[in-house]
Amino acid sequence: MAFNKIWYTMALGLLLPFSYAHTDFFTSIGHMTDLINTEKDLVVSLKDYIKAEESKLEQIKKWAEKLDQLTDTATKDPEGFLGHPVNAFKLMKRLNTEWGELESLVLKDMSDGFISNMTIQRQFFPNDEDQTGAAKALLRLQDTYNLDTDTLSRGNLPGVKHKSFLTAEDCFELGKIAYTEADYYHTELWMEQALKQLDEGEVSSADKVYILDYLSYAVYQQGDLPKAMMLTKRLLELDPEHQRANGNMKYFEYILAKEKEANKSSTASEDQMEKETEVKKKDYLPERRKYEMLCRGEGLKMTPRRQKRLFCRYYDGNRNPRYILGPVKQEDEWDKPRIVRFLDIISDEEIETVKELAKPRLSRATVHDPETGKLTTAHYRVSKSAWLSGYESPVVSRINTRIQDLTGLDVSTAEELQVANYGVGGQYEPHFDFGRKDEPDAFKELGTGNRIATWLFYMSDVSAGGATVFPEVGASVWPKKGTAVFWYNLFPSGEGDYSTRHAACPVLVGNKWVSNKWLHERGQEFRRPCTLSELE
């Protein structure tokens, strides 16, 4: 929606004081569902205002009608709707930017009802950090799942319930966010997409001159001087008086002349450009390549001989009285490290209870900082989590008992049940659950030793993405509602099993809920006796 710059500036000034009330919406789809209802309420209020001054507010009425249809669809299935990352990004963008523009436009003759509603609601709006976080999530999904900009822009993602697309203005916004991060690779991709959609005739407030200005500089930063010159020439055809473009063109011509004088061979020049263009992923490591391949389902396949050693069975918890007559279904997911999955191990009713208990407490998930020993947020973990104790609910207590019965491990020294909900492109990059030798104080304050094992419940199905992967061994475990996976982080000797390094892949489409239990060494002395061999 196009508003003039004066109104936009006024809106920004009005909203900034409130924009930090609640942050990190983008890290949890569960929390973002509340924003759907907030936006719907705003639409209703806005329509009331339009009825009062319809003759003066035709532009606002069109905006409301567009959002009315959108929010009607969204409120029927908020989690499914926000499972599409484009819908989630556009929700952040609407509430953080466009509603503010709208408020400023109507402020002069605003009805009391709409003003009071906006004043109440805007303190719960997402802020710039949320909008930027949602944008970065789209870029992360693009890289992890090898999505081209056109596919993502048109919303052609697997398993989507509510198809949505990015406008040229949306693409321009993504390019600008990448630019502010000095990510010129993604700046080029999204500015080109915005330009392509405008060239195809899309009506938009996005300006080709601005797009070409960003695009030419991003291309130049990646070492493609001829393309940068070509884009700058196109910009000058649209705006011959553009000061920066004229200056850039003179500079580009100067650089090109110097290259010719130095008689640089075309081969050497091309080789240099290739090296400079390799900026897509500066921190690319072999592990990251394996991690992203596993997330796409392209990992190493287990040999037939090893596959024959994997079985499914009815498991009674080593003749646990509770499961002798009613054993549970168990299947092997991987051999080394041994990862087993329990099927139908948590009911839908239990899942809903756990989610309802956790939702009010969800906060940005943290990681242990090895340098400070304190908990801190990290860009490589995008989710919100909450901790539930067994004494709070019979359901949580029953779940803890179930874990103890089926693992044979004492849960009295375990950490509380951690419930996590992943946000837009939610992920947790490769990490260890146990404390390594260079982190001797990782769990010192708990006084229960290292994390001996991990139990992980999947509390939702995920339409696309969201696998738990083990890059060291090539294992991929895909979310399936009602199941749980279990593995040991330590050998019986107490040494860490480094093959258990794992990651939660970004959620491409859907809403991922999990809960996990970290079991510790203390109390297991007779349940899992120590061995003399370091790797046994």
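Keep in mind that this is a model prediction, so the values were computed, not measured.

Peer 1: Explanation requested: the overall build of the protein in the structure shown.
Peer 2: Helix and strand counts for the protein stand at 18 helices and 17 strands. Taking all 536 residues of the protein together, 52% fall into the buried category. Accessible area of the protein: about 25700 Å², with a carbon and sulfur share of 51%.

Peer 1: I would appreciate a short explanation of the packing of aromatic side chains in the present structure.
Peer 2: The geometry of an aromatic ring pair is captured by the separation of the ring centres together with the interplanar angle, meaning the angle of the planes. In total, this model carries 18 aromatic pairs according to the counting rule given. Centroid distance Tyr184 to Tyr217: 5.9 Å. Interplanar angle 80 degrees. Geometry classified as edge-to-face. Of this pair, Tyr184 sits in helix 10 (residues 184-199) while Tyr217 sits in helix 11 (residues 208-221), and the two are 33 residues apart along the sequence. The exposure class assigned to Tyr217 is partly exposed, which follows from its relative accessible area of 32%. An angle of 45 degrees between the planes, with centres 6.3 Å apart, marks the rings of Trp387 and Trp518 as tilted. A residue pair is termed long-range when its members are at least 10 positions apart, and Trp387 in strand 7 (residues 383-388) and Trp518 in strand 17 (residues 513-520) qualify at 131 residues.

Peer 1: Looking at this structure, how should I read the side chain of Lys355?
Peer 2: One can find Lys355 in helix 17 (residues 348-358). Residues within four places of Lys355 in sequence aside, it is in contact with Glu79, Met459 and Trp513.

Peer 1: I tried to follow the nonpolar core on my own but got confused; where do I start?
Peer 2: Looking at soluble globular proteins, one finds that nonpolar side chains tend to be buried together. Counting 76 residues, the largest nonpolar core has Leu46 and Trp99 as the members making the most contacts within it. Not counting the four nearest positions on each side in its chain, Leu46 is found in contact with Ile60, Trp63, Ala64, Trp99, Leu102 and Phe114. Ranked by size, the runner-up nonpolar core spans 35 residues in total, among them Val328, Leu362, Leu409 and Ala484.

Peer 1: Teacher, can you tell me more about the pattern of salt bridges here?
Peer 2: It is possible for side chains of opposite charge to pair when their charged atoms get near one another. Across all of its chains, the model carries 39 salt bridges by this definition. As a salt-bridge pair, Asp405 and Arg322 come within 2.8 Å of each other at their nearest N and O atoms. A residue pair is termed long-range when its members are at least 10 positions apart, and Asp405 in helix 18 (residues 394-407) and Arg322 in the loop between strand 1 (312-315) and strand 2 (328-334) qualify at 83 residues. Note that Asp344 and Lys329 form a salt bridge whose closest N and O atoms lie 2.8 Å from each other. Taken together, the residues Asp344 in the loop between strand 3 (339-343) and helix 17 and Lys329 in strand 2 connect sequence positions 15 residues apart. Salt bridges sharing common partners tie together Lys40, Lys47, Asp68 and Asp72.

Peer 1: Please explain the sheet that holds strand 2 as it appears in this structure.
Peer 2: Think of a sheet as strands paired side by side through backbone hydrogen bonds, with each pair either parallel or antiparallel. Reading across the sheet, the nine strands line up as 1-2-3-14-10-17-8-7-4 and stay open at both edges, with antiparallel pairing between neighbours. The open sheet is flanked by strand 1 and strand 4 (363-364), the only strands paired with a single partner. Bridge count between strand 3 and strand 14 (residues 483-488): three bridges; the pairing is antiparallel. Each bridged residue has a counterpart across the sheet, and for Arg341 the counterpart in strand 14 is Val485. Each of strand 7, strand 8 (417-422) and strand 17 touches helix 2 (residues 29-52); the most contacted strand, strand 8, lies at about 55 degrees to it. Strand contacts of helix 17: strand 7, strand 8 and strand 17, with the helix running at about 100 degrees to strand 7, the strand carrying the most contacts.

Peer 1: Help me understand the state of the cysteines in this model?
Peer 2: Throughout this description, disulfide means a covalent bond between two cysteine sulfur atoms. All told, the structure shown has one disulfide when counted by the stated rule. What pairs with Cys295 in a disulfide is Cys505, and their sulfur atoms sit 2.0 Å apart. Residues Cys295 and Cys505 are joined through a disulfide that is left-handed, its torsion about the S-S bond being -85 degrees. One end of the pair, Cys295, is in helix 15 (residues 286-295); the other, Cys505, is in the loop between strand 15 (502-504) and strand 16 (507-509), with 210 residues separating them in the sequence. Cys505 matches Cys295 in its accessibility class, with the two residues each being buried.

Peer 1: Quick question: what am I supposed to make of the pairing of strand 2 here?
Peer 2: In terms of burial, strand 2 is a largely internal element, five of the seven residues being buried. Across four bridges, the pairing between strand 1 and strand 2 is antiparallel. Its bridge partner lying in strand 2, Cys312 is registered against Glu331. As consecutive antiparallel partners, strand 2 and strand 3 are separated by four residues.

Peer 1: Which parts of the structure should I look at to understand the packing of helix 9 (residues 168-180) against helix 11?
Peer 2: Packed helices, taken two at a time, are described by their axes: the angle between them and the distance between them. Two elements in contact, helix 9 and helix 11, have axes separated by 11 Å at closest approach and are oriented at 40 degrees. The way helix 9 lies across helix 11 gives a crossing that is left-handed. Across the interface between the two elements, Phe172, Lys176 and Tyr179 from helix 9 touch Tyr210, Ile211, Tyr214 and Tyr217 from helix 11.

Peer 1: Got a minute to help me understand the environment of Ser116 in this structure?
Peer 2: With respect to the helices and strands, the residue Ser116 is situated in helix 6 (residues 112-121). Between the C-alpha atoms of Ser116 and Ser45, which are 71 residues apart in sequence, the distance is 9.6 Å.

Peer 1: Can you help me understand helix 6 in this one?
Peer 2: Each turn of an α-helix holds 3.6 residues, which means side chains three or four residues apart point in the same direction. If you check which residues of helix 6 are buried, you get Phe114, Asn117, Met118 and Gln121. Each buried residue of helix 6 lies within a common arc of 100 degrees when the element is viewed along its axis, so the set occupies one face.

Parameters and conventions
- Residues numbered from 1 in each chain as written.
- Predicted model: local features only at pLDDT ≥ 70, side-chain atom pairs only at ≥ 80, totals over all residues.
- Heavy atoms only, no water.
- Helix = DSSP H or I, 4+ residues; strand = E, 2+ residues; numbered from the N terminus.
- Buried < 20%, exposed > 50% of the residue type's maximum accessible area, 1.4 Å probe, protein only.
- Areas by Shrake-Rupley, 256 points an atom, 1.4 Å probe, with all protein chains shown as cover.
- Phe/Tyr/Trp six-rings, centres within 6.5 Å; stacked < 30°, edge-to-face > 60°.
- Contact = heavy atoms within 4.5 Å.
- Core = buried A, V, L, I, M, F, W, Y, C linked by side-chain atoms within 4.5 Å.
- Salt bridge = Lys/Arg side-chain N within 4 Å of Asp/Glu carboxyl O.
- Pairing = 2+ DSSP bridges.
- Axes fitted to C-alpha atoms, helices over the stretch in contact; angles between N-to-C directions.
- Disulfide = S-S within 2.5 Å.
- Left-handed = near helix turned anticlockwise from the far one by under 90°.
- Arc of directions from axis to C-beta.

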